[in-house]
Amino acid sequence: MATRIGVDIGGTSVKAGRLHADGSIEPMEPMPTLLGRDPGDFLDRLARRIEELGAKQSVGIGVPGIFAPGTRTLAGNPNLKALTGIDLRTELGRRLGWDPSSIQLENDANVAALGEARLGAGREVGDLVMVTLGTGIGGGIVMDGKIVRGSLGRGAEIGHLVIHDRGPESVACGCGRYGCLESYASATATIRRASEQGLTTDLGGLADCARAGEGPERALLEAIGADLGRGLALVLVLLDLPTIVVGGGFGAALDTLLPGIRMGLAERDFAAREPRIVPARLGAEAGWIGAALLADS
Ligand SMILES: [Zn+2]
């Protein structure tokens, strides 16, 4: 296995690096995304970056958002609006002088899950479900060593599993529906819930208060954990995965969410499973590492 190149396109920066045959990694300095209305300049810079990495006719790329059915054309992402409707493989292939099929494109949460499964928190067990707690909740599932994409590449959108669809608890989600998991347990949702209770909206501070003792902060993070557990229970009932990996910026509060997650799982999972629940290990590098692994996934 030769050195492989992975790229992870984010709303703020593009992370990339080399994954060597012995499993060692070599991250590159992140490149600011700076995507204006015209994506041409961004695509030029991205192609140059791929060349600088020494990629030879093969690169894996993770990108946020979902693809139009049956294609690798982005159907839209609020953070990367200018890339909507663009066929990244064709655009990059033309700039690099490559066949577009040599460019592997995948949802960013899916590549992060693949990275963690092969070289991170799931290294010993392989199969896992990963949730990334950030602005929204990204989801990725790896089973039998492969990303679960579904027929149109829209599978594993765990953030949009509906956990409270009726009553006063029902909250509107950015997807246009009510009661989605990410409306209760993302970093954004946590800030909203903390502010509603008059608690600090600094997530690190909130977690520190919860660690320090009983109080409304601890109760809130337990309630948010329980919502996360309710959503994850749906995944486990369906797929019986042995490991849950929690990543993303707000994933740093996993220790304070854990008692709640266990409660939510116990409440909704008939089989009373006790999966391993572990923090992501590759941090912000998971995406590009997983992308580099796409060629054989
Ligand atoms: Zn939703």
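No experiment lies behind these values; they were computed from the predicted model shown.

1. Describing the layout of surface pockets
In this approach, a probe sized like a water molecule rolls over the atoms, and the result shows the empty space that is left. Space inside the second largest pocket adds up to approximately 230 Å³. For the lining of the second largest pocket, the element with the most residues is helix H7 (residues 216-239), which contributes four residues. A breakdown of the residues in the lining of the second largest pocket according to their chemical character gives nine nonpolar, three polar and one charged.

2. Remarks on the coordination of the zinc ion
Around the zinc ion, the donor atoms from the protein are His-160 (ND1), Cys-173 (SG), Cys-175 (SG) and Cys-180 (SG), and they sit 2.0 to 2.3 Å away. Taken together, the four donor atoms coordinating the zinc ion and their angles of 106 to 120° define a geometry best described as tetrahedral. Read N to C, the donor residues that coordinate the zinc ion are spaced as H-x12-C-x1-C-x4-C. Taken together, the positions of His-160 in the loop between strand S11 (146-147) and helix H4 (182-185) and Cys-180 in the loop between S11 and H4 put the pair 20 residues apart, joining distant regions of the chain. Its relative accessible area of 29% is what places His-160 among the partly exposed residues.

3. Some words on the environment of Asp-202
Here Asp-202 is to be found in the loop between helix H5 (187-196) and helix H6 (203-212). Note: C-alpha distance between Asp-202 and Ile-191 (11 residues apart in sequence) is 7.5 Å.

4. Regarding the sheet that holds strand S12 (residues 243-247)
Strand order in this open sheet of five strands is S11-S10-S9-S12-S13, and the pairing throughout is mixed. Each edge of the open sheet carries a strand with a single partner, namely S11 and strand S13 (276-279). Where strand S9 (residues 128-133) and strand S10 (residues 137-143) come together, six bridges link them in antiparallel fashion. Bridging across to S10, Val-131 finds its partner in Gly-139. Strands in contact with helix H3 (residues 108-119) are S9, S10, S11 and S12; relative to S10, the strand with the most contacts, it is inclined by about 50°. Relative to S13, helix H8 (residues 254-268) is tilted by about 155°, and along the sheet it contacts S9, S12 and S13.

5. With respect to the nonpolar core
Ranked by size, the top nonpolar core spans 36 residues in total, and within it Val-129, Leu-228 and Phe-250 carry the most contacts. Those elements giving two or more residues to this core turn out to be S9, S10, H4, H5, H6, H7, S12 and H8. Of all the elements, H7 adds the most residues to this core, at eight residues. In this structure, Val-129 is in contact with Gly-140, Ile-141, Ile-158, Leu-232, Val-235, Leu-236, Leu-241, Thr-243, Ile-244 and Val-245, ignoring residues within four places of it in sequence. Among the nonpolar cores identified, the runner-up in size contains 26 residues, and Ala-47, Val-63, Leu-96 and Ile-103 belong to it.

6. Regarding unusual backbone geometry
For Leu-34, which is not a glycine, the phi torsion comes out positive at approximately 40°. Mapped onto the fold, Leu-34 is located in the loop between strand S4 (31-32) and helix H1 (40-52). Overall, Leu-34 belongs to the exposed group, its relative accessible area being 65%. For Asp-240, which is not a glycine, the phi torsion comes out positive at approximately 50°. You can see Asp-240 is positioned in the loop between H7 and S12.

7. Overview of the pairing of strand S8 (residues 103-107)
With four of five residues buried, S8 lies mostly within the body of the structure. As paired strands, strand S5 (residues 59-63) and S8 are joined by five bridges and run parallel to one another. Bridge assignment links Gly-60 to a residue of S8, and that residue is Gln-104.

8. With respect to the domain arrangement of the protein chain
Domain assignment breaks the protein chain into domain 1 (4-110 + 285-296) and domain 2 (124-280). Once you take the C-alpha centre of each, domain 1 and domain 2 turn out to be 27 Å apart. Facing the 12 residues of domain 1 at the interface are 10 residues of domain 2. Across the interface of domain 1 and domain 2, roughly 970 Å² is buried in total on both sides, 50% from carbon and sulfur atoms. On the domain 1 side of the contact with domain 2, Ile-66, Ala-109 and Asn-110 bury the most area, a combined 46% of that side's loss. For the pair domain 1 and domain 2, the interface holds one salt bridge. Across the pair Glu-106 and Arg-149 runs a salt bridge whose closest N-O atoms are separated by 2.4 Å. Our count for the domain 1 to domain 2 interface comes out at one residue pair in polar contact (both at pLDDT 80 or more).

What counts and what doesn't
- Residues numbered from 1 in each chain as written.
- Predicted model: local features only at pLDDT ≥ 70, side-chain atom pairs only at ≥ 80, totals over all residues.
- Heavy atoms only, no water.
- 1 Å grid on protein atoms, 1.4 Å probe; cavity = no way out; pocket = protein on both sides within 12 Å on 5 of 7 lines; lining within 4 Å.
- Points joined across faces, edges and corners; volume = space filled by probe spheres on them.
- Helix = DSSP H or I, 4+ residues; strand = E, 2+ residues; numbered from the N terminus.
- Nonpolar A, V, L, I, M, F, W, Y, C, P; charged D, E, K, R; others polar.
- Donors = N, O, S within 2.8 Å, 3.2 Å for Na, K, Ca; no water.
- Tetrahedral: all angles 85-135°; square planar, octahedral: opposite > 155°, others 65-115°.
- Buried < 20%, exposed > 50% of the residue type's maximum accessible area, 1.4 Å probe, protein only.
- Pairing = 2+ DSSP bridges.
- Contact = heavy atoms within 4.5 Å.
- Axes fitted to C-alpha atoms, helices over the stretch in contact; angles between N-to-C directions.
- Core = buried A, V, L, I, M, F, W, Y, C linked by side-chain atoms within 4.5 Å.
- Domains from an automatic or database assignment.
- Buried area = accessible area lost by both parts, 1.4 Å probe.
- Salt bridge = Lys/Arg side-chain N within 4 Å of Asp/Glu carboxyl O.
- Polar contact = N/O pair within 3.5 Å; in protein donor to acceptor, adjacent residues only side chain to side chain.

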